[in-house]
Amino acid sequence: MEKYLNFKTTGDFQKDIESYFLVYDKLDKYEHTLDVVRELHNIEKQFGSIEQGSEIACYCHDLGRVVDKEEIVEFCIENNIEITDEEKQMPSILHQKISRIIAETVFKIRDENILNAIRYHATSRRQPSKMEIEVLLADKLSWKEEGYEKLVKEIREALKHSREKAILYYLTDLELNKETLPLYHKDSREAYEYFKQEI
Ligand SMILES: [Fe+2]
Ligand SMILES: [Fe+2]
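Please read all numbers here as calculations on a predicted model, not as lab measurements. (Residues numbered from 1 in each chain as written. Chains lettered and ligands numbered in written order. Predicted model: local features only at pLDDT ≥ 70, side-chain atom pairs only at ≥ 80, totals over all residues. Heavy atoms only, no water.)

A. Local environment of the coordination of the iron ion (ligand 1). Ligation of the iron ion (ligand 1) by protein atoms is provided by Asp 62 (OD), His 95 (NE2) and His 121 (NE2), these donors lying 2.1 Å from the ion. Written as a sequence motif, the donor arrangement for the iron ion (ligand 1) is D-x32-H-x25-H. If you look at the iron ion (ligand 1) and the iron ion (ligand 2), they sit 3.4 Å from each other and are both ligated by Asp 62. With His 95 in helix H6 (residues 95-105) and His 121 in the loop between helix H7 (112-119) and helix H8 (130-141), this residue pair connects regions lying 26 residues apart in the sequence. (Donors = N, O, S within 2.8 Å, 3.2 Å for Na, K, Ca; no water. Helix = DSSP H or I, 4+ residues; strand = E, 2+ residues; numbered from the N terminus.)

And the structure:
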């Protein structure tokens, strides 16, 4: 599994991100990454500013997607990444933890805030930081998969009020659909409970 951590960076961060995805033949994930960065800039335009570090987190959030499906669990075991029982049911969710390790090891990201925004971009968690909220929203707003058009539109609508309202809209949608979700992650459930009380 060392192959995913042996990549040599040049110091040109954006170029290195592109090369990383291309070396592992994941052009689609790279294009998605650019979409997420674009959505983050839309959020910046809308609110006048974003957290310092959110852009780096967006560039790194899906680095873990380079790891082949069959190798996810092995990668986690080798790199001491905890796999909870529910995550065993849907190992693809582990890509958020893997992204953090790659950002830290390969791209030398040391800022805990950025690393957590990467680590929790898919599930969120109780009391997430502002950066965690921005990165999660930029990711969801960039979804182009069929069946998500309505949800994306509604999140965008809620975002007109605030970032917190937008994430609560997304988390509420998970809560309402929990019976049919392949995984309703404990961290997402706790994030929902938190925002429901806070907003
Ligand atoms: Fe992701
Ligand atoms: Fe993503």
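This is not the end of the story, as more comes after the structure.
B. Seen up close, the environment of Lys 140. Take Lys 140: it is sitting in helix H8. For Lys 140, a relative accessible area of 3% gives the class buried. In this structure, the C-alpha to C-alpha distance between Lys 140 and Leu 151, residues eleven residues apart in sequence, is 9.1 Å. In contact with Lys 140, not counting residues within four places along its chain, are His 121, Ala 122, Val 152, Ile 155 and Tyr 170. (Buried < 20%, exposed > 50% of the residue type's maximum accessible area, 1.4 Å probe, protein only. Contact = heavy atoms within 4.5 Å.)

C. Geometry of the packing of aromatic side chains. On inspection of all chains with the given rule, the structure shows twelve aromatic pairs. A connected cluster of aromatic rings, assembled from ring pairs, spans Tyr 4, Phe 7, Phe 13, Tyr 20, Tyr 24, Tyr 59, Phe 75 and Phe 107. Arg 163 extends its terminal NZ or CZ atom over the ring of Phe 47, reaching a point 4.2 Å from the ring centre. (Phe/Tyr/Trp six-rings, centres within 6.5 Å; stacked < 30°, edge-to-face > 60°. Lys NZ or Arg CZ within 6 Å of the ring centre and 35° of its normal.)

D. The arrangement of the side chain of Asp 35 in detail. Take Asp 35: it is sitting in helix H2 (residues 27-47). With a relative accessible area of 17%, Asp 35 lands in the buried category. Within the structure, Asp 35 has its side chain in polar contact with the side chain of Lys 144 (distance 3.1 Å). If sequence neighbours within four positions are ignored, Asp 35 has contacts with Ser 142 and Lys 144. (Polar contact = N/O pair within 3.5 Å; in protein donor to acceptor, adjacent residues only side chain to side chain.)

E. Expanded view of the side chain of Thr 33. Position of Thr 33 relative to the elements: it lies in helix H2. Apart from residues lying up to four places away in sequence, Thr 33 is in contact with Phe 21, Cys 58, Tyr 59 and His 61.

F. Examining the packing of helix H9 (residues 149-159) against helix H10 (residues 163-176) more closely. At a minimum axis distance of 7 Å, the contact between H9 and H10 shows a crossing angle of 150°. As summarised for this structure, H9 and H10 are arranged roughly antiparallel, according to the angle between their axes. Remark: the crossing between H9 and H10 carries right-handed chirality. The residues of H10 that touch H9, namely those facing Leu 151, Glu 154, Ile 155, Ala 158 and Leu 159, are Arg 163, Lys 165, Ala 166, Tyr 169, Tyr 170 and Asp 173. Grouping the amino acids of the contact of H9 with H10 by side-chain chemistry returns seven nonpolar, no polar and four charged. (Axes fitted to C-alpha atoms, helices over the stretch in contact; angles between N-to-C directions. Parallel < 35°, antiparallel > 145°, perpendicular 65-115°, else oblique. Left-handed = near helix turned anticlockwise from the far one by under 90°. Nonpolar A, V, L, I, M, F, W, Y, C, P; charged D, E, K, R; others polar.)

G. Inspection of the environment of Phe 7 at higher detail. Along the chain, the position of Phe 7 falls in the segment before helix H1 (13-23). By relative accessible area, Phe 7 is classed as buried at 14%. Excluding residues within four positions of it along the chain, Phe 7 makes contact with Asp 16, Ser 19, Tyr 20, Val 23, Tyr 24 and Val 106.

H. Summary view of the UniProt feature "domain: HD" (unreviewed entry) in the protein. Mapped onto the present numbering, the UniProt feature "domain: HD" (unreviewed entry) falls at residues 30-142. The span residues 30-142 shows a helical share of 60% and a strand share of 0%, and its end C-alpha atoms are spaced 13 Å apart. (UniProt positions renumbered as here; feature names shortened; annotations may be inferred.)

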